[in-house]
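Here is what each chain is made of, one letter per residue.
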Amino acid sequence: MKRNRVPLVVTALVLVFFYLPMVILIINSFNASRFGGSWEGFSLYWYARLLNEHEIWAAVENTLVIGVAATLISTLLGTTAAFALHRYAGTLQKAHYTLIYTPLVVPEVLMGMSLLLLFVSLGVDLGLFTIFLAHVTFCISYVAMVVLARLQDLDFSIVEAARDLGAGWWTATWRILLPLLAPGIAAAGLLAFTLSVDDFVISFFVAGPGSTTLPIRIYSMIKHGSPPLINALSTILLVVTFTVLLITQRLTQEKKR
Amino acid sequence: MQLVLARLRGRKLRARQIETRMRSKDRHRLHEWLVSLPSLGWLTVFFLFPSLIVFAIAFKPSNPFGGIDPGWTLDTIRSLVNPAYLPIIWRTLWLSFMTTLVCILLATPTGYYIARSEPGRQRLLLLAVIVPFWTSFLIRIFAWKVILHPDGAVKRALVFLHLLSPDTSLLYSSGAVLLVMIYTFLPFAILPIYAAAERFDFRLVEAARDLGASPLGAFLRIFLPGVRRGMVTAILVVFIPALGSYVIPDLVGGPGGEMIGNKIAQRTFVDRNLPHASALSACLMLAVLVPLLLVLMQQTQKRSQGKANET
């Protein structure tokens, strides 16, 4: 049967639409021109300039500290949440699922605003710690969803076999279930880390003086700074993201082999 | 006598059986609570409770130092009835609607195509759709800012082709906001439609074709109803976050492209009027609530169906 060409054409256009801006950005980062309007020769000047921007590196440090801490806690909480959702059914889990799912859809402005109001009304000082609390809150949902999907695909007969052969609940979970789930949990952790490192809106609402993260820094650079510097920084970040994504792809493929 | 004793013993035994069963049921409940409590507790304190606070603070008086004063007032709510907000509310709804519409129009053929591709190509295409989802949100907006910039290539090409007068600005307009919103939300629309299309039985389309349906007719009357659920999810996960857009209009919109999200941020960061900001947030939350309940109902329904299939 002859296939219609419209879906192919639309898909091709969508992919060009997705990638063209990023390609232009990467090319421009090697442009010697100050304004990026025209090509004035290949240069690594903007990358060299980036090394001297101490504020950026301080922001990178903050971002990584929050990213690692938020990833650890949210992976722990998200994984237990996925276990509960998978193992039990009933009213409690229905409420639990709603509470996990809603943050995925609620606009970020609302989440940032409500967390800011919580911290202000409790008198908590805004800073790295409040950003960490906020990041854990939205990362839990993503981790739980990824691990839950993996649990649903998992072949539980292996766990049952272990139980039949005399393994206790603890041994079966620790020695059989967790190793089987490990790639999924790792992928969820990487997703949480990426989301934390990338988050701007919520961090901006709950940030205090001296707690500038990289996205907050990039935002003020976009507003006031020099575009070529952002091009260079963006290119580095895109390369890091692609690397992380490749690792995740590897982790997810492992299961299928 | 023996008989009575035996019956008594039997009753005792049964009572004990029931008791142990009750105890194991209790233990089951206890386990469930223990496993659920960490995430349930965290999300109650840092998500559910703060969302409710928003409504309370909208009725609090503000003080000039950016804080919240004790007592209650209706002044903030009254100040919301302000004709200046009308164009912004209208623009927010209109831009979110248009974004959703264009995203669905582009995502449906794309999801269809990915689902019909052979496995190798399917994985590659899927990865290509997921990559923008992982890359930095600010950087993707910035990329468009460069492209639409008055000195940028697109502007100059359009002027060169006489499609645009040199004075019109591509950047800082609601058109720019719409374009970047579509760019940002399109992956969110493609994924659920693809997921539904992948489960769709394409032999149904072939059967319709054999029975004389036109390609378009088969697509509209067989395929679309088949992926209806995926489309509803796509519409909601684009429309709800779009209503709360803030960074996109802030960076590429200018004064002519402001949305409700910008007003919330301005009240928070510029005027330091938290009660006013929370009154606006409360309105946005109410606007989001209806589509949100719809998506939640769909999700829990899907889940309980999945559980029923398992057992």
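Residues numbered from 1 in each chain as written. Chains lettered and ligands numbered in written order. Predicted model: local features only at pLDDT ≥ 70, side-chain atom pairs only at ≥ 80, totals over all residues.

Some remarks on the overall build of chain A
In step 1: Each helix and strand counted, chain A has 11 helices and zero strands in total.
In step 2: For chain A, the α and β elements follow one another from N to C terminus as α-α-α-α-α-α-α-α-α-α-α.
In step 3: Dimensions along the principal axes, computed over C-alpha positions, put chain A at roughly 70 × 65 × 35 Å.
In step 4: Buried residues in chain A amount to 44% of all 257 residues.
In step 5: Within chain A, counting contacts between residues at least 6 apart in sequence, those at least 24 apart form 78% of the total. (Helix = DSSP H or I, 4+ residues; strand = E, 2+ residues; numbered from the N terminus. Buried ≥ 20, exposed ≤ 12 C-beta atoms within 10 Å, placed from the backbone. Contact = placed C-beta atoms within 7 Å.)

Structural notes on the overall build of chain B
In step 1: Looking only at helices and strands, one finds 13 helices and zero strands in chain B.
In step 2: Within chain B, the fraction of its 311 residues that count as buried is 40%.
In step 3: Taking as baseline every contact in chain B between residues at least 6 positions apart, the subset at least 24 positions apart corresponds to 71%.

Focus on the interface of chain B and chain A
Put simply, an interface is often sized by how much accessible area is lost when its parts join up.
In step 1: In this complex, chain B contributes 73 residues to the contact, which on the side of chain A involves 72 residues.
In step 2: The element that contributes the greatest number of residues to the side of chain B that touches chain A is helix α1 (residues 2-57) of chain B, accounting for 17 residues.

Describing helix α1 (residues 6-28) of chain A
All names here are of chain A.
In step 1: Here α1 contains 23 residues, and its C-alpha end-to-end distance of 33 Å stays within 8% of the 33 Å for a straight helix at 1.5 Å per residue.
In step 2: The axis of α1 is deflected most strongly, by about 30°, at Y19, and proline P21 appears within four residues downstream.
In step 3: Buried within α1 are the following residues: P7, T11, V14, P21, L25 and N28. (Expected span 1.5 Å × (residues − 1). Bend = angle between axes of the 7 residues up to and from the residue.)

A closer look at unusual backbone geometry
All names here are of chain B.
In step 1: A positive phi angle, close to 55°, is found at R272, a residue other than glycine.
In step 2: On the secondary structure map, R272 appears in the loop between α12 (260-270) and α13 (274-310).
In step 3: Using a count of 15 C-beta atoms within 10 Å as the deciding quantity, one classes R272 as partly exposed.

As for the environment of A:T11
In step 1: Its location among the elements puts A:T11 in helix α1.
In step 2: For the pair A:T11 and A:T80, spaced 69 residues apart in sequence, the C-alpha separation works out to 38 Å.
In step 3: Excluding its chain neighbours within four sequence positions, the residues that come into contact with A:T11 are B:P109, B:T110, B:Y113 and B:I114.

Overview of the nonpolar core
Nonpolar side chains in soluble globular proteins tend to end up buried together.
In step 1: Counting residues in hydrophobic clusters, the biggest one holds 139 residues, and the most contacted among them are A:L115, B:V180, B:A189, B:I193, B:V238 and B:V252.
In step 2: Broken down by element, this core gets its largest block of residues, 18 residues, from helix α7 (residues 174-199) of chain B.
In step 3: Apart from the residues lying within four places of it in its own chain, the contact partners of B:I193 are B:A107, B:T108, B:G111, B:V227, B:G230, B:M231 and B:A234. (Core = buried A, V, L, I, M, F, W, Y, C linked by C-beta atoms within 7 Å.)

Quick look at the environment of A:L180
All names here are of chain A.
In step 1: Structurally, L180 can be placed in helix α8 (residues 169-198).
In step 2: Residue L180 is classed as partly exposed on the basis of its 16 C-beta neighbours within 10 Å.
In step 3: Taking the C-alpha atoms as reference, L180 lies 9.8 Å from I158; in sequence the two are 22 residues apart.

What about the packing of helix α5 (residues 137-148) of chain B against α7(B)?
All names here are of chain B.
In step 1: Relative orientation of the contacting elements α5 and α7 amounts to 140°, with a least axis distance of 10 Å. Taken together, α5 and α7 sit at an angle that is classed as oblique. The crossing of α5 and α7 is right-handed. The segment α5 lies against α7, with R140, I141, W144 and L148 engaging A176, V180, Y183 and T184.
In step 2: Class assignment of the residues belonging to the contact of α5 with α7 gives a composition of six nonpolar, one polar and one charged. (Axes fitted to C-alpha atoms, helices over the stretch in contact; angles between N-to-C directions. Parallel < 35°, antiparallel > 145°, perpendicular 65-115°, else oblique. Left-handed = near helix turned anticlockwise from the far one by under 90°. Nonpolar A, V, L, I, M, F, W, Y, C, P; charged D, E, K, R; others polar.)

Points about the confidence of the model for chain A
In step 1: Residues of chain A with pLDDT of at least 70 account for 95%, and the chain-wide mean is 86.
In step 2: The element-level mean pLDDT for chain A is lowest in helix α11 (residues 227-256) of chain A, coming to 79, with helix α9 (residues 201-206) of chain A highest at 94. (pLDDT = per-residue confidence, 0-100.)

Side note on the environment of B:T108
All names here are of chain B.
In step 1: In this structure, T108 sits in helix α3 (residues 85-116).
In step 2: For T108, a count of 24 C-beta atoms within 10 Å puts it in the buried group.
In step 3: Considered as a pair, T108 and I193 are 85 residues apart in the sequence and their alpha carbons are 6.4 Å apart.

Some points on the confidence of the model for chain B
In step 1: On average, chain B scores 83 in pLDDT, and the residues at 70 or more come to 87%.
In step 2: ipTM for the predicted complex: 0.87, alongside a pTM of 0.86.

Focus: helix α6 (residues 128-153) of chain A
Residues three or four positions apart in an α-helix share a direction because the helix packs 3.6 residues into each turn.
In step 1: An ideal rise of 1.5 Å per residue puts 38 Å on 26 residues; α6(A) measures up with 37 Å between its terminal C-alpha atoms.
In step 2: For α6(A), the principal kink sits at A:C139 and spans about 30°.

Side note on the packing of helix α4 (residues 91-105) of chain A against α6(A)
All names here are of chain A.
In step 1: Where α4 contacts α6, the axes come no closer than 8 Å and their chain directions differ by 110°. Taken together, the axes of α4 and α6 are roughly perpendicular relative to one another. The hand of the α4/α6 crossing is left-handed. In this structure, α4 uses I100, Y101, P103 and L104 to contact α6, whose residues at the interface are T137, F138, S141 and A144.
In step 2: Across the contact of α4 with α6, the residue classes break down as six nonpolar, two polar and no charged.

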